[in-house]
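# Breakdown of the fold
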Amino acid sequence: MKIAIVEDDINMRKSLEIAMSDFEEFEIKTFKNAKDALKSIDDSFELVITDINMPGMDGIEFIKTLNGRFEVIIMTGNATLQRAIESIHLGVKDFLLKPFDVETLVHAIKREGEVQKVKKNLPKKETISTHNGFLGTSESLQSILKIANKAAKTDASILLLGQSGVGKEVFANHIHENSTRAKKPFIAINMAAIPDNLIESELFGFEKGAFTDASEAKIGQFELANGGTLFLDEIGEMPYAVQAKILRALQEKEVRRLGSSKSIKIDIRIISATNANLAEKIQNGEFREDLYYRLNTIPLNIPPLKDRQDEILQIADKILEQNCKKYGFDLKTFSKEAQEHLLAYTWPGNIRELISVVERAVILSDSHEITPEALFLESRGLKKSKDIKSMEKDLIQEVLKSEDGDVEKASEILGMSTIHLTKKIQIYGI
Ligand SMILES: Nc1ncnc2c1ncn2[C@@H]1O[C@H](COP(=O)(O)OP(=O)(O)OP(=O)(O)O)[C@@H](O)[C@H]1O
Ligand SMILES: [Mg+2]
């Protein structure tokens, strides 16, 4: 397996080289920066392993430039966890939190090789449709869903807030599908994905001859969404100058293509989304307060997955089922321990991360039961809260035994109330 490793720190790079030279099956080529790597890596490489924090082009830019041509594993320090989450957005499946030991890296590489092999040999049976089947049964999600369903029937602007991967786009879609505009277009536009100087023409369109390169007229997204819903994603990234124009379009309910003197009436419902802190951006003069109020008629705050403990396993089971079908396996299940890992992990990349972790576990587990090893969450810094819990369980068991099951006496020794202890006994199934 031919692997490119990109790491600016010379010590780290050299130690990786030395450690990996023990493995005959890996042909390693290391690079001290992304630019050098880009010049040298060709299709003979099967995997790219990269640091994130690097001078010059950083790991995220690097992954964007690779544009999905290679599978990528990220190595990151804790400080760049936020960026590791971005990398999940870009399709990265595994990231390793530094410091990690060589076995962890080797394990990650072997997993990747295995996944590639299985994916090549097993044609997908069925693609997973993400539009239907809205997953989520937690109370917090249900109450948001209720508001969303109510708001869907109106034309009120909705602002979706929440961390990356919590399902803001899924929600936007859901609202559109449940609105009176469902049969009309749903147009999504991601402010972060369009270069600043092109956003205006993308949104409002232009006439032929409006500028040097405009050899054809182009219809803007506002016009395309007419009658339907316009989803403005990552609005925190919207350039300040464009904000005023969007506000005007929304207030006047009309747009004008660049280079045209004619206004066009538009009837759209706006849903916007961001994981940025808009209040802070307003404070810093980066986001217009008037636009904020215009977009934020109904704010919906989608909680992170780790705060939806009661549905992590349900969602995981659903994804498991979908993927077993997709790859043509008999239905697998999570072992008890695997379930504990799923519950203890913090899911910084939320549902997007859960989907990718479960998909890989399905591919990698040989048996019907998915084990913690197949989930591979320790490399991502899974907090071993389970260990503390099992220590507590052992302790309670021991004390109870020495007191012949007398809860009152045991509670005295343990220094907790009998009620508290009884609860713990129930929780731990002692
Ligand atoms: N409630 C849900 N039911 C089913 N799938 C979901 C749900 N929420 C999210 N997903 C899935 O998780 C992934 C991420 O969702 P989505 O793109 O909507 O997140 P997001 O909040 O827009 O993230 P970002 O801020 O990174 O753009 C998608 O594959 C989506 O299908
Ligand atoms: Mg999104």
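Structural notes, computed from the coordinates. Every residue gets a number counted from 1 within its own chain, in the order that chain's sequence is written. Numbering of ligands from 1 and lettering of chains from A proceed in the order in which they are written. At least 70 in pLDDT is required for a residue's local features to be given in this predicted model, at least 80 for side-chain atom pairs to be given and counted, and no such filter applies to totals for whole chains, interfaces and linings, which use all residues. Working from all heavy atoms in the structure, the side-chain values ignore hydrogens and water.

### Observations regarding the packing of aromatic side chains
Here a Phe, Tyr or Trp ring, Trp counted by its six-membered ring, pairs with any other such ring whose centre lies within 6.5 Å, and the pair is stacked when the planes are under 30 degrees apart, edge-to-face when over 60, and tilted otherwise. The final tally for this structure, using the stated rule, is six aromatic pairs. Ring centres of Phe23 and Phe26 lie 5.7 Å apart, and the angle between their planes is 35 degrees; on these two criteria the pair is classed as tilted. Between the aromatic rings of Phe186 and Phe231, the centroid separation amounts to 6.1 Å while the plane-to-plane angle is 25 degrees, which identifies the pairing as stacked. Residue Phe186 is located in strand 7 (residues 186–190), and its partner Phe231 is located in strand 10 (residues 229–233); the two are separated by 45 residues in the primary sequence. Residue class for Phe231 comes out buried when judged on its relative accessible area of 0%. The ring of Phe45 carries the charged tip of Lys2 above its face, separated from the ring centre by 4.5 Å. Comment: the charge-over-ring label is applied if NZ (Lys) or CZ (Arg) is within 6 Å of the ring centre and within 35 degrees of the ring normal. Directly above the ring of Phe329 sits Lys332, whose terminal nitrogen or CZ lies 4.4 Å from the centroid. Strands are runs of DSSP state E lasting at least two residues, helices are runs of H or I lasting at least four, and both sets are numbered from the N terminus onward. For every residue, the accessible area obtained with a 1.4 Å probe (protein chains only) is divided by the maximum for its type, and the residue is called buried under 20%, exposed over 50%, and partly exposed between those limits.

### Considerations on the nonpolar core
Working definition of a nonpolar core: buried Ala, Val, Leu, Ile, Met, Phe, Trp, Tyr and Cys residues. They are joined through side-chain atoms within 4.5 Å. Of all hydrophobic cores here, the largest spans 46 residues; its most connected members are Ile41, Phe62, Phe334, Leu342, Trp347, Leu354 and Leu375. Once you skip the residues sitting within four places of it in the chain, Trp347 turns out to touch Leu305, Ile312, Leu342, Glu353, Leu354, Val357 and Leu377. Formed by 29 residues, the second largest nonpolar core is a distinct cluster that contains Phe222, Ala225, Ile266 and Leu295. Contact criterion: two residues are considered in contact whenever any of their non-hydrogen atoms come within 4.5 Å of each other.

### Re unusual backbone geometry
Omega for the peptide link from Lys98 to Pro99 comes to -5 degrees, which places this bond in the cis form. The topology assignment puts Pro99 in the loop between strand 5 (94–97) and helix 5 (102–121). You will see that Trp347, though not glycine, has its phi angle at about 50 degrees, which is positive. The topology assignment puts Trp347 in the loop between helix 14 (336–344) and helix 15 (350–364). In this structure Trp347 comes out as buried when scored by relative accessible area, which is 0%. The backbone phi angle of Asn350 is positive, close to 55 degrees, even though this residue is not glycine. Classification of Asn350 by relative accessible area gives buried; the value is 0%.

### Notes on the sheet that holds strand 10
Pairing between strands is defined by DSSP: at least two bridges between the two strands are required. What the five strands build is an open sheet, ordered 7-10-13-6-14; its pairing is parallel. The two strands at the open ends of the sheet, each matched to only one other strand, are strand 7 and strand 14 (298–301). Sheet twist, expressed as the average angle between the axes of neighbouring strands with direction ignored, equals 20 degrees. Bridging between strand 6 (residues 158–161) and strand 14 involves four bridges; their strand directions are parallel. Bridging across to strand 14, Ile158 finds its partner in Ile298. Throughout, an axis means a line fitted to C-alpha atoms (over the contacting stretch in the case of helices), and angles, computed between N-to-C directions, take values from 0 to 180 degrees.

### Considering the pattern of salt bridges
Salt bridges are defined as contacts in which a side-chain nitrogen from Lys or Arg sits within 4 Å of a carboxyl oxygen from Asp or Glu. Scanning the model with the defined rule gives 30 salt bridges in all. For Glu112, the salt bridge is made with Arg360, and the minimal N-O distance between the two is 2.8 Å. In this pair, Glu112 is assigned in helix 5 and Arg360 in helix 15, connecting sequence segments 248 residues apart. A relative accessible area of 4% places Arg360 in the buried class. Here Arg257 and Glu223 are joined by a salt bridge, their closest N and O atoms 2.8 Å apart. Of this pair, Arg257 sits in the loop between strand 11 (254–256) and strand 12 (263–265) while Glu223 sits in helix 9 (residues 221–224), and the two are 34 residues apart along the sequence.

### With respect to the environment of Glu321
Tracing the sequence through the fold places Glu321 in helix 13 (residues 309–326). In sequence terms Glu321 and Val358 are 37 residues apart; their C-alpha atoms lie 9.9 Å from each other.

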